[in-house]
Each structure stands twice: as C-alpha cells, then as structure tokens.
There are 4 protein chains.
Amino acid sequence: MRAGYHALFIPGPTNLPERLRTAMFVPSEDQRSPDFPKLTVPLFNDIKRIFKMSSGHVFLYPGSGTGGWEAALTNTLSPGDKVLTSVFGQFSHLWADMCRRHGLNLDAIEVPWGEGVPVETYAERLAADKNHEIKAVLVCHNETATGVTSDVAAVRKALDAAGHPAMLMVDGVSSIASIDFRMDEWGVDICVSGTQKGFMLPTGLSIVAASDRAIGETTRAKLPRTYFSFEDMLKLNKDGYFPYTPATPLLHGLRASIDLLEEEGLENVFARHHRIAEGVRKAVDAWGLKLCAREPKWHSDTVSAILVPEGFDAGKVVSHAYHRYGLSLGAGLSKVAGKVFRIGHLGWMNELMIMQALAGVEMTMRDLGMQVEAGVGVAAAEEHYRRSAAGASSTRAAA
Amino acid sequence: MRAGYHALFIPGPTNLPERLRTAMFVPSEDQRSPDFPKLTVPLFNDIKRIFKMSSGHVFLYPGSGTGGWEAALTNTLSPGDKVLTSVFGQFSHLWADMCRRHGLNLDAIEVPWGEGVPVETYAERLAADKNHEIKAVLVCHNETATGVTSDVAAVRKALDAAGHPAMLMVDGVSSIASIDFRMDEWGVDICVSGTQKGFMLPTGLSIVAASDRAIGETTRAKLPRTYFSFEDMLKLNKDGYFPYTPATPLLHGLRASIDLLEEEGLENVFARHHRIAEGVRKAVDAWGLKLCAREPKWHSDTVSAILVPEGFDAGKVVSHAYHRYGLSLGAGLSKVAGKVFRIGHLGWMNELMIMQALAGVEMTMRDLGMQVEAGVGVAAAEEHYRRSAAGASSTRAAA
Amino acid sequence: MRAGYHALFIPGPTNLPERLRTAMFVPSEDQRSPDFPKLTVPLFNDIKRIFKMSSGHVFLYPGSGTGGWEAALTNTLSPGDKVLTSVFGQFSHLWADMCRRHGLNLDAIEVPWGEGVPVETYAERLAADKNHEIKAVLVCHNETATGVTSDVAAVRKALDAAGHPAMLMVDGVSSIASIDFRMDEWGVDICVSGTQKGFMLPTGLSIVAASDRAIGETTRAKLPRTYFSFEDMLKLNKDGYFPYTPATPLLHGLRASIDLLEEEGLENVFARHHRIAEGVRKAVDAWGLKLCAREPKWHSDTVSAILVPEGFDAGKVVSHAYHRYGLSLGAGLSKVAGKVFRIGHLGWMNELMIMQALAGVEMTMRDLGMQVEAGVGVAAAEEHYRRSAAGASSTRAAA
Amino acid sequence: MRAGYHALFIPGPTNLPERLRTAMFVPSEDQRSPDFPKLTVPLFNDIKRIFKMSSGHVFLYPGSGTGGWEAALTNTLSPGDKVLTSVFGQFSHLWADMCRRHGLNLDAIEVPWGEGVPVETYAERLAADKNHEIKAVLVCHNETATGVTSDVAAVRKALDAAGHPAMLMVDGVSSIASIDFRMDEWGVDICVSGTQKGFMLPTGLSIVAASDRAIGETTRAKLPRTYFSFEDMLKLNKDGYFPYTPATPLLHGLRASIDLLEEEGLENVFARHHRIAEGVRKAVDAWGLKLCAREPKWHSDTVSAILVPEGFDAGKVVSHAYHRYGLSLGAGLSKVAGKVFRIGHLGWMNELMIMQALAGVEMTMRDLGMQVEAGVGVAAAEEHYRRSAAGASSTRAAA
C-alpha cells in the first residue's frame, strides 16, 4: 500500500465529504416503520430544489446513471417511438445505444467528439417533423468523455420555435449539482443523474427527475418495466415508502448532500466549480496543451479532457500517474482513447486539492519526456486562484 | 429519540455486523484502476461458494432483489414465453406479476398462503407439457410474507422425472446464506438474492447467480434489457470491471460478508439459523399461538409469521411494539394483513438478541389484552437454547 | 468469532449510541485553529449543566477516572494534609490508597461492603475536628464494585452542621449523567467523572468538575502536578485551547453526548435508569437472590451486584455467560470476588436491551445448577416495565 | 463550511490513514474479558519493534505526550534528584519546566533556538560529575517548535565516555515512527511518545518505552505517582490487562498503526519522511527563505520551521493560509512567535499531499506581498520528487 491518501481526480465517483460519509454510517433500518417517512418525504421535496423544479417528482432507485436512462425511456416511450439524439462522446453514445436495444426508432446525429449538442441540426429536424413523430429529444448535458457541456436551454428554444411537443430528456449525470441546470425554466421533462458526481456520494442511486408531463406519459408508454416503474414508485413514495427495500444509507447520504449543497448555496457551488475549472484550464494553457472541447462555450466545469501532443500515448499518462504518484486520472474512452487524459474537478473540491492533480500531471508529463516546464501549470493555477479568491482584492491592504 | 438501541427483527434488512459496517466505510475509489480487479475478481469467484456453484457467474448490479428478478427474466426469456410459477405469498405474487408485465405467458398456480411450492402440481404440468412450451419454472425458496420454505430439490426432481428442459429459477432473496441452497446439486439456472438478508449488508446490490446454461440463453432471449444485461456485465466482469460505475462500498461489504460467513462456516451458519428459529417456534407454542406456515416441513428458519388469535389485529402488535418498546417486527402483507405479525430471525443473530424480540412481543401481547402468560415464551426459548448450545451436555459436570 | 452482537452489561464502558459514535469519527484536526474554540467554549459551558453547577470549571484531560482522582487531590492539597474518607468497595479503596501514595494523612473509615458512606461517623469526625485539620472529605457517590449509592447531600449537611470548611470531593465516575447529582446545591467542590459510563463514550477523558473554591486552592496546594494542573488548563481553556494536544475525537463525542442527554432531558435520563434498575431488582427477587447492597436506600440505579447462593462461585457465572452466551457481566472484585456478579445497566440502555442480560443470567444459572426457574426473572422485569412504561395506563382502553 | 478537504500540515495531530480510522471504529468492549489480552499482549510485544528495543516494556496510558514526560520522571526519580537537560525550543523548555515543578534539581543548558542538544556541553557536565549526582539526562530528539533533530547516539557516547550511570531519557514525541530511533543500540532508558504524530492516530495515548533498568528504578523513585505508576501497570499488563479502564479504541488503532508501519517497512517509512522533507527544503530554498534549523545536521524530517523575511509577520502567513486557503500550518511558538511558520510533513504523507502545503504557502506569501515567484517552490519539490521516486531512473526508457 502506498503511503498517504490516494489522489482521486476522476470524473466520478468524486471525493466523499466527511459529513456525507458519516451520514451514511447508519445501522440497519426498518424501512416500513412509521418514522421512515420523516426521512423520505422531505427528501423528495428538497431534492427538487437541486434540479430547480417545482412540480413533478424525483425518483430514487437503487441503481446507477445507466439505470436512470432506462427508467427515463421505459416509463415514457413505446417500441418504435422516434427519438432524436446526438452522439459526441462515450456517454451520449451509450444512451443512444440503449434506445436501439429497447426498440426505439433512433435518429442519432453524429457530431465530432469535442463539440456538443448540434442545436441547429436539432432545430431543423424538429421543424421538419410536421407530424410530430419525434416523441423525445435527448441531450447529454455534460459529456464526461470529452469534457463538453451543451446548451440545454437552446434545445428548449428549438423545440418551442418548432412548436414541437416532443419530450426533452437530459443526461445530467455529471452536471447536476455542479453546473447550473434548470428543469422548470428549460422545460425539461426528464433529467437523469446519480449519486456519485455532484452529489458527492458513492454510486448506488439512480436519480431521475420527471416532470408531471413525463409522469403522465406512463399511461401510454408500452416499453416493459417493473423495477424502474414510475407508477409503482409513485404509489408508495407519496407516503414516504418504496415498492421494494430502498438503499437507506444512501438516502441518508443524499439528505446530507442536499443540506451541504444548500449551506454553501447552489449558485456558490456552481461558481466554485467554474473557478476551479478555470484554474485547470490556465494550467493546460501554460503547459502548451489543448482541451478536447473545441470551443470555450463547450468547456466543462466538471471535467477537462486534455489532448496529449502527437506521438505520446495519453494512456501512459494515466498509468504512470497512477503507479508512480498515486494519482487517479480519467483515461480516454473509445474514439479518444490514447488521445486524451481527463482531470475530474467536480464535487467536494477546492484549490489546494486540485494542486495535487496539476503537480502530479506535470511530474508525469516530464517523466514521460513531454516538453513541459516544471511548475508552470501550478503557477498559472495559483495566480488564477489568488485573483479569484473571495476577498482577494483587499488582501494587500490588510497584509 | 428513544434511548438505547432500536430492536430490529424484520425479515431484512438485517442487523449489520461491525466488520461489514467498517468494511464499507471506504473513501471514493477509482473503479477503472489497475488495482480494482484485486477486489472484484476474487469476489466473483468466492461468492459462488455461497451458492454452492462451480461454474456460471454471479452478477452484481446496483439494485435490489426486485431488480434481480428482472435480470433473471429479461436475460433469458422472450415475449410470449411460457413460465410456470406458484403464488402463496406477497413475494411469489410480485415475481409472477412482473412476468405478466413483461409479456410472458404465465401459468401461476394459486396456493393457500401458509403452504409452499406445490411440487405435485408442478410435476403434473411439466409431464403434460410434451412440447416443452414451458421455458422457465419459478420457485420462491423462502416466502418472506408467510415464513414458508419450499423444496427446491423436489422441483428439480419433477423436472428431471418429466425430462423437461425448462430453466429452474429461484428467488433466494431471504434464504441465501441463511438456509441451505445448492445451485449445482439442484440444477438451478438462476438464483436471485440481495445484500440485505443473509449477506447482512444494507440494500443495494441485486445478486444474480446464473448457470452457464442460463447465460447461454441470452443469445435467444428477446426481452429488452440494458441495465441488467448479462452480456454487458460479462464482457467487463471477466477482467474485474463493470459496464457502469459499481456500488463499490457494497462490493467491499460483500467481500467482508463472504469472509465472515466462511469463517463461521456455511453449514454452521445454517445450523445457527435453525437453532434460533426453533427457539422462536418454542416460544410461539408456549404462547399458545400458531404459525402461518401450516406444516413443519414449511417452517422457515429466517422468518416466522405468527397468527394472532381471532378478534385481535396483528397490525396493532407491530405498531404497539414499535412505539412502546422500540421493537421493529414485520407486519402482515396483503392477504395476511392484520392476521400475522412476523419476527425476522436471520442474519447476524444470536440467542440473546432474539430474547429482545420474544420479550417485546410478550409484553406487547399482554399490553393488548391477549391471554399470554408473562415470560413463558422466553422461558421456552431459553430452555431450547440451553439444550442446544455448543458444549451444553458437558456443562453440569464442569460446573 | 461468535455470531451476533456481543451483549455488554458491564458497569462501563457502556454501550455507544450511534450518534456519539459517528460524532467521534472525525478527521485529524488543527487544535490551534481559530475555529477550534467554536467546539470547546460551548462545551465547557454546557457540560456544567450535567453537573448542575453554575460557576467553577470542568476540566477535560486525556485520561481516565483514576487520572481525575489524581487531578482532584494534587491541585488542592499539600503533603500531610488530612483527608477523611470511607472504604466500602474496590473503588473507594483505590481512591483512599491514592491519597496515601501522595503523602496525605488519611482517615479512612472501613465500612462493610454493601453499605455506603457512613454519614453519622463522618458527622462525628467533623464535629470533633475543632482545628479544621481535615482539608477534604471524600465520598464515592456510586461504588461500582458493590452497586451502592451514597447520600452526598447528607455529607454536605454534616459539614454544614459542624461548620466545617473541608472541601467535599466526590467520585462520580459511575453516577454522573445516570443518577441525580447536584454540584451547586450539595456544595460539592470537586466531582470526578469519566467518559465511559453515563456519558456513553469510550474511555479517554478524565472529567473533573471543580468549584471556584477548589480552583482557588491551587495557589496553596503543594502536591506536584503538571499534566493534571488546573492552572495550566485554565490559562488556555479560557480561550478554548489546551496546554497540550487534546483528544479531539472525544471532545466531539462529549459534545454529542451532552446534546443527547439534554434532548432526552436529564431528569428523564435519571428516571429511565431507575426504571431499568427496578426491573433488574424485580428479576433478582424472582430468582430468590439478594443484592450486595444491604438496604434499598443504597440500591444503585447504574449497577447491581448480585450475591450468588452459598456453594456457588460467582466467577463461574461471569465466565460461563461470557463463553456460552456472549454476555459480558461484571465480576466481583477484591473482597467480593467469587461472591457477586454484576449487571451494569447504565448508559444507552432500554428495557429490551436489559432482557438480554436477564435471559442470559437465567440460562447461565440454570446451566450451572442453581435453583432458578426459567423465565421468572424476565417475567418479573417484563411486568415491571409494562406497568411503568410511558402511557402504560391507557393501553388497554386503546387496544 | 469551506468546500473540499481541509489541508492539515501541522506537526501533529497528523493525517489519519483510512485503515487506522476504521480500526478504531469499534463498539464498546469488555476490557476484563478473557479475549481482551488477545489484543493487548501482542501489542505490547510488537510496539517494541517500533522503538527498536528487545526488553523492557512500553506503557500505554490514556494521556498525551506531556503525561508521558510525567510518567518518565515520577517513576524513576526522587525529589531533589539532579537532572541534566537543554532548552532550545518550546517542547524542550516545557519538559525542563516540569522537572522544576516536581522538585527536581535541574541543570538546563540554554541553547539558541535553531540548534539541537549541545553534545559537547553534555559531555563536559557528565565528565565533571564525578559523584554521579546527575540521575537523568534528557534529550528532546526532535524539537517540534524549531524543526531540529538532535543526535541521541552522541549523547549515549558522551555518557559512556564519562562512564556515567545517569539514565538517558528521550522525548520522541515527534520522531518515533518517522525518524530512526534505536532504544537498545543507543542505550535509551525511557523514550516518551504519543499517538498523534508518527503513529498517525488521534491524541489520546501516552506511549512510554522503558528499559528494564528504568523499570528497576521505580523501587527507589520517591516522586508521588498513581495514575502514571509503572508498577501498577506492569502488574496487570503482564496478563494483558490494565489497572484502570484503557482507551480501547486507540489500542485497536495502535495495533493497526504498527501493522501499517511494518507493512511499509520501518526503514522505508524513515526514507519516505526524508524524501518528503527534502522536497520541502528544496522549495524553501527556491523561495529564497531559510529554515530555523541552523545546520543541515539538525534538519528535521518531520517538521520544517521556516523563517519569514524581516518586516513580515509569520503569524499572518499562518492566519491567511488558514482563512483564505483552508490550510493549517504550525505557528511559531514562544521565542520564535511571528518569526517562523511551520510545515508538518510527517505521518501519512506523500509527495502529492505536500504539494497542497507548498502551493498554499506560495499563494499566501504572494498575497501578503512577499517577493516569491509563483510556482517556484512547487517546481523545485516536483523535480526532487521525480528524481527520487522509486523506479525514477528507468522511466524515460520505458516511456
């Protein structure tokens, strides 16, 4: 065992705050007790604020994000239903693939990896779909494989412009609770998330926010479902119970997570993620490297996918950092395997923590013979964090 | 908050052993790291011993037992496939209901609640099914709602006698790791379990043991599936990884659970459950009450459903015990609501622990005006435990 | 390893409430940080309410009750100072012995074990001490070895009646936070306690409550001291700091302990201890046995020392209960070794928990051949707890 | 609450390894049970290896390092005994002060802060002490206030050269388990340590290693003692028990700590501390600053005390780092208050962790207007760690 804490900078699971960790450290519980709803009913209400939604329901399944995608599709669609989506990374690809497997009629627009949702193409397809055959439009809010954040609000505008009634479904696994998301304002029907990213918990809950409209679709939707059934859940959730034994430790963790997020303030959480991410991007600049995300508008505040120079293998960066320095980075997946390595900078993160990743990457790149000067990335990040620190302007006077 | 520990005697989630609890208390982890398979590969192998299987695979999904049922069906069956099952309690009912929802052609034999799988009827149906239209035979090994254990080996015999190739699928949620189960010997194709019963962990993993034969069926099976797909799991599990982020704390918990079970010895674990359960049954006798399970051959060693005398409401037993004495019992479900209350006596349990349940039930019954003498149930259990204690015979001589 | 939880019914350390356990589960901390006093300053204030004191100070040393005794003596006395005490059990004996070792001039009244502080003899000695040579009067509030609680208020009255200025020092290790204690009203100068009894925490803090008068004595007291020095502590405690690194996890635990005690209500905590203890005494009666405590006025609500019949070895009760049933009882110490076994019933305790001890003792006694009927102790306790339960009178009507 | 983990770089308490943390997470325990010695007896033996001693005994008191000092003195010395020591920092000062308070006849050599034990002066005093009036020679192995490590072996040589029988007592609080220490080889009679530094646990145990010779002195030593009495401890420790309730969670923690240290290998632990410390010193050089330790021979591998330039207040460095960046550093104490800040780099530490301290100090110094270039300290440390990493030389070839 390597001495010291392992440095975890993957784009999820994220680092576990102490309070959340102990919140989950509960004995076994009677999930049918009269006291159980004291935990769950407020939880169902309060988690809506994280999605910025005022109606609908947030479903909590023992599961992962992938399970949430399945819940979204099977509760609202029928075999053969037309679905519009776009693929520009491993996770947008996988959700599209799931649509196919469940017999949906998929229109998946291929987009270069490094770009985001092609809003204009979406607009064209929606405008052209006079018969409203498209039942759902899928958006991967934050593509974890490439560090690309897409513009969900713009997709809503395209739907509205076309007067199109398709449901808007969002993969918010690596954005919710880290990057601004507005269920109500953006007219999102379903947003899928999980516990292991912005909620800062271990994997284990599929979190599926659904609008009243989406819930209403269950009566028509013919895809088979039991485990992920909205109807079964709603029947018992309304009194604070579940149709099968829930993962109670994670429910306590989620309670603590929401409280922690709200104590910091959701907007402050977003600003903190942006500030940390900007420092990482300054470091990438200082190293003379490029992000996979092709334009600033697509820069993700939760994960940065960094292109290695020609002739180098990004996989070696990840492997060397892990073995030599006890640093976990994200590897490039699928089309960008070997081309990018990823720094996850979401969740319970601050400026000194991220220094571990930056220093570790610098050391690793130099070990591997890349032309990067020692300390320049860290220095660039330091200067950014100093300038942007709360109370930064008044320091010199006071000092 | 009531002082002292809450007394948890529901049939799951069960009491959490200290070692399992701390085993799960891990920081966030890199589930794609080169070290991760050091945890998972041995886990995949070692858990087979708990099911007494030597080939096939045990799938571990973030999920619950219900999810495991869905995995069993969707990976091996196609819409319209004929399934033979029997219903004699809430859980056998729910699995049958799931079959219907997924478009299977269900033959569900209704059996009085309190009895188990009707082996002769199964034998008749199988013998009559000359064309082998029945693709799967379902058995609820231990019906948690009624405290009834069924004879899985007898169902295998019926299949063999009929020369019938149907798959044998078992719900082992409340039996595995508490009551003897033999995957290989009984020719079981799929056995579904979860973490929160005999494995003594929180809810959170669907545990699905599948034979090679069952795994082979995936190529034919047309029910849609992604989250619970055997194929996706197998592709990554073979190297120790998962197709989506696994619930790592529970994997560590499961590791510790298997170790704990094997340190005690699986046969000793079964014997302990039987001994504890016998003490409870002695107490029920002493109280002058009857079990819901109609015959000794159906007595469950993990949960006892106890019939209250005519004119009393079993729901009040559960409620009074909870509020007055901090004791969680299982309520009667569905058809037996109000008629039975249940004492869960599985998992991390010993003879002094169960005294809390017995004393609490005695006090509750007397509070509610039932004709039960104080202490008689406890006394009967004490005498049983004394006689059956390890080393009991030699005590008087030594004392 | 024996399955199930070990049953812990020793008179300390006591069972750890979940909340206290997780409260102590903190990362390492900067004990000189500007935020640290936010924990400690309220703690110093709030713990006074547990002692029912409004001035003075409560000292918190990394240590145990024994260390607290030493703090009491060395901070307030000088070599050769006369001290009046009485010995009627192992713990009153040990404190007296410590006085001798530190060169104090000890007047230790020997009292039969099973009785408490001899108030009349104290009164005589004090009245006779016209020159006020006695500097301190020692009282063991609750003698853990014999289960005897003494009358501290009566000692105060004896002091007042004699117009005697001696300090009144109390060993409250196994009484504080379980049995009523009134620092101010009884004019106690020093009361020594620890974390592992009524505070329901692990061993690790000596808790020493001192009046302003006792603190004032430090200027005169010549016994050498550094580690336990009141002066060093006070100098830093006033701002929330410590003269050496404090045991921070236990400080967090103590914070949670005080909160838990006050949520239940201190008087309710005392009443609960009395109710639980009465049930144990009913069981002892039903077994036909006697307590070591000779009169009801001395019955301790935190521990019962039970005399075994002639011809039996109490040590075998303790040993058999431990090995056969996983039950920890207290053994007889020193003069009462082999004659008594002890049931600790203090701390985080309720009526179902204590049933484990009672049933385990019954089974043990029968295993060892004592003439005790199965279940009678439990039955007697059940009936007591039923009658004395909150809301007991209204049950039948409602049922 | 500030987001992200707090960065703890004080010279103790040190960061808590996960394994040690969960090892301490135990329920309450019966410290008089027949199983308890299974924990304690191997612990008493195995901890000797950490001190490199083969006889004598290691005493474990609920307490802190200060308590350990008191145990050392009171068990082996009598009032008026002559003690030789030297003062060159806050902790050597405090131990000397304790000697005075306990009535010892102290010869305390004042040494400039930044230097270590004056071996030649010791040699002179010992040679001059023909009547062997000096009963004990005290050495602060690692002065935590100034980051100075002294040469214990040289003091042993001075004693031997003078043929002087005085006991050699060492304060090893911030050296044991981090910096090489050899009880037997150096002929040390008592070495005092605690849990919160190299043992990587919370504060709470005084750890006092004593030679047989030191233990033998108890029969002569007349300083009063009870709590810290060697004799009382030995009487019970020999069978695995304690004279009063021990702090059991910390005993479990200590067990895990020894195991962790030995898995890494004690010499590897020392080498790791040296490597980390060297990186810090490279950073200090790069910043153009000086250590308080005046010569390389005194450089401590566990803590670096860094002098701020004239005109700056080191207290502001500590305060700014804490408030702005969530970084805990050690402040200057007593004579060096305002002149130095300290980086603790001992315990569960690695090269990426220390980057947090270095980056945080850089940012802080720049915020406060010091002439330090961004990133230079981190860069210097990076280069040192790269060169000195295990397997560093072979990297380029492999990459």
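Residues numbered from 1 in each chain as written. Chains lettered and ligands numbered in written order. Predicted model: local features only at pLDDT ≥ 70, side-chain atom pairs only at ≥ 80, totals over all residues.

Engineer: A description of the overall build of chain A should follow, citing residues and the corresponding values.
Structural biologist: Check the secondary structure of chain A and you find 14 helices and 15 strands. Whereas a compact globule of 399 residues would reach a radius of gyration of roughly 21 Å, chain A reaches 22 Å, a difference of no more than 12%. In terms of principal-axis extent, the alpha carbons of chain A reach across some 60 × 55 × 45 Å. By residue count, 63% of the 399 residues in chain A fall in the buried class. (Helix = DSSP H or I, 4+ residues; strand = E, 2+ residues; numbered from the N terminus. Rg over C-alpha atoms; globule rule 2.2 N^0.38 Å. Buried ≥ 20, exposed ≤ 12 C-beta atoms within 10 Å, placed from the backbone.)

Engineer: Lay out the interface of chain C and chain D in plain terms, naming residues and giving numbers.
Structural biologist: Taken together, the contacts link 43 residues of chain C with 43 residues of chain D. Secondary structure elements with two or more residues in the side of chain C that touches chain D: strand E2 (57-63), helix H3 (65-76), helix H4 (90-101) and helix H9 (248-264) of chain C. At four residues, H3(C) tops the list of elements feeding residues into the side of chain C that touches chain D. Within the side of chain C that touches chain D, the residues separate by chemical class into 19 nonpolar, 19 polar and five charged. (Contact = placed C-beta atoms within 7 Å. Nonpolar A, V, L, I, M, F, W, Y, C, P; charged D, E, K, R; others polar.)

Engineer: Go over the relation of the copies chain D and chain B, please, and point to the residues and values.
Structural biologist: Superposition of chain D onto chain B requires a rotation of 180 degrees combined with a translation of 0.0 Å along the rotation axis, giving an RMSD of 0.0 Å. The relationship between the two copies is best expressed as a two-fold rotation axis. Minimal C-alpha separation from the rotation axis in chain D is found for D:Thr22, amounting to 3.0 Å. The residues that chain D uses at the interface reappear at the interface of chain B in 100% of cases, marking a shared surface. (Least-squares fit on C-alpha atoms with pLDDT ≥ 70 in both.)

Engineer: Which residues make up the UniProt feature "binding site: substrate" (unreviewed entry) in chain A, and what values do they have?
Structural biologist: Residues and elements named next belong to chain A. This chain's UniProt record puts "binding site: substrate" (unreviewed entry) on Arg-342. Tracing the sequence through the fold places Arg-342 in strand E15 (residues 340-344). Leaving out residues up to four positions away in the same chain, Arg-342 has contacts with Pro-11, Gly-147, Val-303, Ser-304, Ala-305, Leu-329 and Gly-330. (UniProt positions renumbered as here; feature names shortened; annotations may be inferred.)

Engineer: Please set out helix H2 (residues 36-51) of chain C residue by residue, giving values where relevant.
Structural biologist: Residues and elements named next belong to chain C. Taking 1.5 Å of rise per residue, 16 residues should cover 22 Å, and H2 covers 24 Å from first to last C-alpha, within 8% of that figure. Residue Phe-44 marks the point of greatest curvature in H2, where the axis turns by about 30 degrees. Buried within H2 are the following residues: Thr-40, Ile-47, Ile-50 and Phe-51. Turning to H2, the residues buried within the fold contact E2, strand E9 (190-194), strand E10 (204-210), H9 and helix H10 (266-286). Of the residues one or two after H2, Lys-52 is the one with positive phi, at around 55 degrees. (Expected span 1.5 Å × (residues − 1). Bend = angle between axes of the 7 residues up to and from the residue.)

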